Amino acid sequence: MLSIKNLHADVEDKKILKGIDLEVKAGEVHAIMGPNGSGKSTLSSVLAGRENYVVTEGEVQFEGKDLLDMAPEVRAREGLFLAFQYPVEIPGVSNINFLRTALNEIREYRGLPALEAKEFLKLTKEKQKLVEFDAKLINRSLNEGFSGGEKKRNEILQLAMLEPKLSILDETDSGLDIDALRIVSNGVNKLRSENNAFVIITHYQRLLEYIVPDYVHVLYDGRIVKSGTKELALELEERGYDWLKETYPVTENAR
Amino acid sequence: MANTVDSNEIINDFATKEYEHGFVTDIEMDIAPPGLSEDTIRFISAKKEEPEWLLEWRLKGYRAFLKQDLPEWQNFKLPPIDFQGISYYAAPKNKKKYNSLDEVDPELLATFEKLGIPLNEQKVLAGVAVDAVFDSISVATTYKEKLKELGIIFCSFGEAVQEYPELVKKYLGTVVPHSDNIFAALNTAAFSDGSFVYIPKGVRCPMELSTYFRINTQGTGQFERTLIIADEGSYVSYLEGCTAPMRDENQLHAAVVELIALDNAEIKYSTVQNWYPGDKEGKGGVYNFVTKRGACRGANSKISWTQVETGSSITWKYPSVILQGDNSVGEFYSVAVTRNKQIADTGTKMYHLGRNTKSRIISKGISAGHSNNSYRGLVHVGAKADNARNFTQCDSLLIGSECGAHTFPYIETKNNTAMVEHEATTSKIGEDQIFYLNQRGIDSEKAVALIVNGYAKEVLNQLPMEFAVEAQKLLSITLEGSVG
Ligand SMILES: Nc1ncnc2c1ncn2[C@@H]1O[C@H](COP(=O)(O)OP(=O)(O)OP(=O)(O)O)[C@@H](O)[C@H]1O
Ligand SMILES: [Mg+2]
């Protein structure tokens, strides 16, 4: 589904990604861990197509298509979803209206008719239940004044509504209370299928107890320095990152 | 008015990139030679078979016009205006008075159809009576008979002068005096046509009344006059819309609107202004210099202005309310959008004269491109206006970094029981907001439309339902190409 080969990317002339290789197949869950500032969010931004992130080398295929060649909205319509580490607030735009616009844009791209108001509301209710999202938040302005945890849960509601092929969850667990963590994880597990895939960025082994990954990767200094199975996460939890840092000294940052 | 207009529909309707009303109707016109003089005024007055008092009043206006200079207090450079280069009268040649729609030139009907304003009553928006003004002449007023049964008068200004001279004479110029400002004076001298509304005591007008203005002929200005009187305990909601063809020259639109609300009466006046804004470089476009003022003459009366301003190269208007009656209420809700090189300087004046008077001002400016958008407002509280209350909210939204937003709020209070509140915010559509929406499959233009419509919602919700959708579409289309 996703194939990243030797990906290098700069932000403001600073090398952040320094040769990433990653293969994600349908039905798989990959976890990416790694110290602060190692480039995890940068990787997700590059994949989602954020401006100012310049790919200097490498290629990314998504469902056999050149992902880097697509505008951000096209990537989304093709089925790439990013649950943001820091979801933005958009005052005045109601959550529900936003959801409907997004859903219908994606449907249109896929040649499906726009959902009628009634069907849409039905779908929203269903998904709202699935991720136990507070109904009161659905009519409020998009993320405006939402608590940290509410914002994260709103990301998962959107994920549930838009049914992407590949979902990247950037630290969706940070800021969630214990119950919310369980609810969100359950939601994700219910959404998992043979046809979709998840890349889960997290600092905590706890999330991976709920959403059990097929692979765990360690991103350090812009490269994946170690890959393994879910046991790797446990090892990291115990030992921290220092032993890896010693093995892989930081490379030159300036260009 | 609660209405949940669906933004999806609106933003799906991103039809045209250019100004979509920019076509010209080919029709034979009666046009006065350019220039203004006492003779021209006599000519106009005679064409309209006006009574002597009205001609005298026009001449008074003309003399006041001659004595005044163009204003200089604005924060932009006003290009010189050649008042003698404009023709002050243009009317479709065919026939000057239409007794029924059958007599109207089919070209003209087609023009209004094309603008989405069908004048054929079967096709008219249900519940909306329309008066269509083409250049200087009112073309058709729909639903007239039905309204008449309730005693409501809704007709062209010219017709009102003929049929109801006493009413016109009693109220004309009592809110905006003939010498009020240079453009109002010019209008007094040369006004062409416009709409007249009278709602009798205790009558609630059952439909929206609407006037649609269209400038067509080259080298003409449009100087219409609207007079609305809501008698005791009555209610009316009125809407005006306007468009013009694309022209390289600037066209002058200097209208005057006077509203009068007597005891317990309410007038709701909405405008969707979409005159031709000029091209990208700022060439051409309409100068929209209008004087709009309402008088809450009676106790417990209410006047509410709502405007969506997207067109014109320069807009200069301050729909105001004189709160004379005790407990009267004035409201001003505005969305002004500017892009390219457009200039909008708009706001309101609320004069609190009676006791317990209240006013509410909600202004939303949206600037893109190299445009300039100013809010200018005055809240005046007179010595006798005990317990006057005002709330003002002035928001500016910037798209890009080359545009300007300014606010000039003036407050004068001569009564220390007054409570005047002013809040202002300036925000920018952030790249991270656009990216967030992009990541959910929404392209940048739709993202901007979504944000802008959300931002303007409080004002758009004030519009009559039938027009809120139109206005939202208009906002979206207006801002097309403003990002990226
Ligand atoms: N827009 C930017 N301008 C300058 N530097 C940036 C920008 N975005 C990211 N960086 C830098 O790139 C590096 C990687 O940042 P990134 O956000 O990808 O880390 P991360 O692995 O997600 O960290 P965390 O675990 O703290 O979320 C950091 O040093 C960060 O400061
Ligand atoms: Mg991060």
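Residues numbered from 1 in each chain as written. Chains lettered and ligands numbered in written order. Predicted model: local features only at pLDDT ≥ 70, side-chain atom pairs only at ≥ 80, totals over all residues. Heavy atoms only, no water.

## A closer look at the overall build of chain B
Next, step 1: Along its length, chain B carries 12 helices and 24 strands.
Next, step 2: The 484 residues of chain B split such that 63% are buried.
Next, step 3: Long-range pairs, those at least 24 residues apart, make up 83% of the contacts in chain B between residues at least 6 apart in sequence.
Next, step 4: Element-wise, carbon and sulfur atoms account for 48% of the exposed surface of chain B, whose accessible area totals about 17,900 Å². (Helix = DSSP H or I, 4+ residues; strand = E, 2+ residues; numbered from the N terminus. Buried < 20%, exposed > 50% of the residue type's maximum accessible area, 1.4 Å probe, protein only. Contact = heavy atoms within 4.5 Å. Areas by Shrake-Rupley, 256 points an atom, 1.4 Å probe, with all protein chains shown as cover.)

## Comments concerning the overall build of chain A
Next, step 1: Of regular secondary structure, chain A possesses 9 helices and 12 strands.
Next, step 2: Taking 2.2 N^0.38 as the reference for a compact globule, 255 residues should give roughly 18 Å; the C-alpha atoms of chain A span a radius of gyration of 18 Å, in line with that estimate.
Next, step 3: By its C-alpha atoms, chain A is 55 × 40 × 35 Å across when sized along the principal axes.
Next, step 4: Relative to its 255 residues, chain A shows a buried fraction of 56%.
Next, step 5: Here the contacts in chain A between residues at least 6 apart in sequence split such that 70% fall between residues at least 24 apart.
Next, step 6: For chain A, the exposed surface amounts to about 11,600 Å²; the carbon and sulfur share of it is 47%.
Next, step 7: Computed over 34 positive and 42 negative side-chain charges, the separation of the two mean positions in chain A equals 4 Å. (Rg over C-alpha atoms; globule rule 2.2 N^0.38 Å. Lys, Arg positive; Asp, Glu negative; His and termini not counted. Charge placed at Lys NZ, Arg CZ, Asp CG, Glu CD.)

## Topic: the UniProt feature "domain: ABC transporter" (unreviewed entry) in chain A
Next, step 1: Listed under "domain: ABC transporter" (unreviewed entry) in the UniProt record, and renumbered for this structure, are residues 2-246 of chain A.
Next, step 2: Helix makes up 39% of residues 2-246 of chain A and strand 29%, with an end-to-end C-alpha separation of 30 Å. (UniProt positions renumbered as here; feature names shortened; annotations may be inferred.)

## Some details on the interface of chain B and chain A
How large an interface is tends to be reported as the accessible area lost when its parts come together.
Next, step 1: Taken together, the contact pairs 22 residues of chain B with 34 residues of chain A.
Next, step 2: When the two sides are added together, the surface that chain B and chain A hide from each other amounts to roughly 2,400 Å², 57% of it contributed by carbon and sulfur.
Next, step 3: Three residues, Phe435, Tyr436 and Arg440 of chain B, lead the burial of chain B against chain A; their summed loss comes to 32% of the area buried on that side.
Next, step 4: Linking chain B with chain A are 2 salt bridges.
Next, step 5: In this structure, Glu105 of chain A engages Lys446 of chain B in a salt bridge whose closest nitrogen and oxygen atoms are separated by 3.4 Å.
Next, step 6: Counting residues per element, the side of chain B that touches chain A draws most heavily on helix α9 (residues 431-438) of chain B, at 7 residues. (Buried area = accessible area lost by both parts, 1.4 Å probe. Salt bridge = Lys/Arg side-chain N within 4 Å of Asp/Glu carboxyl O.)

## Quick word on the site of ligand 1
All names here are of chain A.
Next, step 1: Near ligand 1 you find 16 residues, and of these Gly37, Lys40, Ser41, Thr42 and His203 are the closest.
Next, step 2: In this structure, Lys40 approaches ligand 1 through a side-chain N or O atom, which is 2.7 Å from an oxygen atom.
Next, step 3: At 3.1 Å from an oxygen atom of ligand 1 is found a side-chain nitrogen or oxygen belonging to Gln85.
Next, step 4: Out of a free accessible area of 640 Å², ligand 1 has 68% covered by protein chains.
Next, step 5: Of all the secondary-structure elements, those providing two or more residues to the shell around ligand 1 are β2 (14-24) and α1 (40-48). (Near = heavy atom within 4 Å. Polar contact = N/O pair within 3.5 Å; in protein donor to acceptor, adjacent residues only side chain to side chain.)

## Considering the coordination of the magnesium ion (ligand 2)
Next, step 1: Only Ser41 of chain A (OG) and Gln85 of chain A (OE1) from the protein coordinate the magnesium ion (ligand 2), and they sit 2.0 to 2.2 Å from it. Here Gln85 of chain A lies in the loop between β6 (80-83) and β7 (90-94) and Ser41 of chain A lies in helix α1, a separation of 44 residues in the sequence. (Donors = N, O, S within 2.8 Å, 3.2 Å for Na, K, Ca; no water.)

## Focus on the nonpolar core
Next, step 1: Formed by 97 residues in total, the largest nonpolar core has its most connected members in Ile4 and Leu166 of chain A together with Leu437 of chain B.
Next, step 2: When near neighbours in sequence (up to four residues on either side) are disregarded, Leu437 of chain B contacts Ile90, Phe98 and Leu142 of chain A together with Ile442, Ala447, Leu450 and Ile451 of chain B.
Next, step 3: One finds Val257, Val379, Val381 and Cys394 of chain B within the second-largest nonpolar core, a separate group that totals 35 residues. (Core = buried A, V, L, I, M, F, W, Y, C linked by side-chain atoms within 4.5 Å.)

## Structural notes on the sheet that holds strand β4 (residues 53-62) of chain A
Residues and elements named next belong to chain A.
Next, step 1: Read across the open sheet, the 4 strands follow the order β2-β1-β4-β5; overall the sheet is antiparallel. Bordering the open sheet on either side are β2 and β5 (65-66), each of which pairs with just one other strand.
Next, step 2: Bridge count between strand β1 (residues 2-11) and β2: 8 bridges; the pairing is antiparallel. Bridging across to β2, Ala9 finds its partner in Leu17.
Next, step 3: Strands β1, β2 and β4 of the sheet are contacted by α1, whose axis makes an angle of about 105° with β1. (Pairing = 2+ DSSP bridges. Axes fitted to C-alpha atoms, helices over the stretch in contact; angles between N-to-C directions.)

## Points about helix α6 (residues 178-191) of chain A
Residues and elements named next belong to chain A.
Next, step 1: Here α6 contains 14 residues, and its C-alpha end-to-end distance of 20 Å stays within 8% of the 20 Å for a straight helix at 1.5 Å per residue.
Next, step 2: Residues Ala180, Leu181, Ile183, Val184, Ser185, Gly187, Val188 and Leu191 constitute the buried set of α6.
Next, step 3: The secondary structure elements touched by the buried residues of α6 are α4 (117-130), α5 (148-162), β9 (166-170), β10 (197-201) and α7 (205-210).
Next, step 4: The distance from a side-chain oxygen at the start of α6 to the backbone nitrogen of Asp179 is 3.0 Å, and the residue carrying that oxygen is Asp177. (Expected span 1.5 Å × (residues − 1).)

## Examining the pairing of strand β3 (residues 29-33) of chain A
Residues and elements named next belong to chain A.
Next, step 1: Judged by how many residues are buried, β3 sits mostly within the fold: 5 of 5 residues are covered.
Next, step 2: Residues Val29, Ala31 and Met33 line one face of β3 and the alternating positions His30 and Ile32 line the opposite face, and both faces are buried.
Next, step 3: Bridge analysis of β3 against β10 gives 4 bridges, and the strand direction is parallel. Its bridge partner being in β10, His30 is matched across the sheet by Val199.
Next, step 4: Bridge analysis of β3 against strand β11 (residues 215-220) gives 4 bridges, and the strand direction is parallel. When the sheet's bridge partners are listed, Ala31 is paired in β11 with Val216.

## So, the state of the cysteines
Next, step 1: Scanning all chains against the criterion turns up 0 disulfides over all chains.
Next, step 2: Cysteine Cys155 of chain B is unpaired, with the sulfur of Cys205 of chain B as its nearest cysteine sulfur at 13 Å. (Disulfide = S-S within 2.5 Å.)

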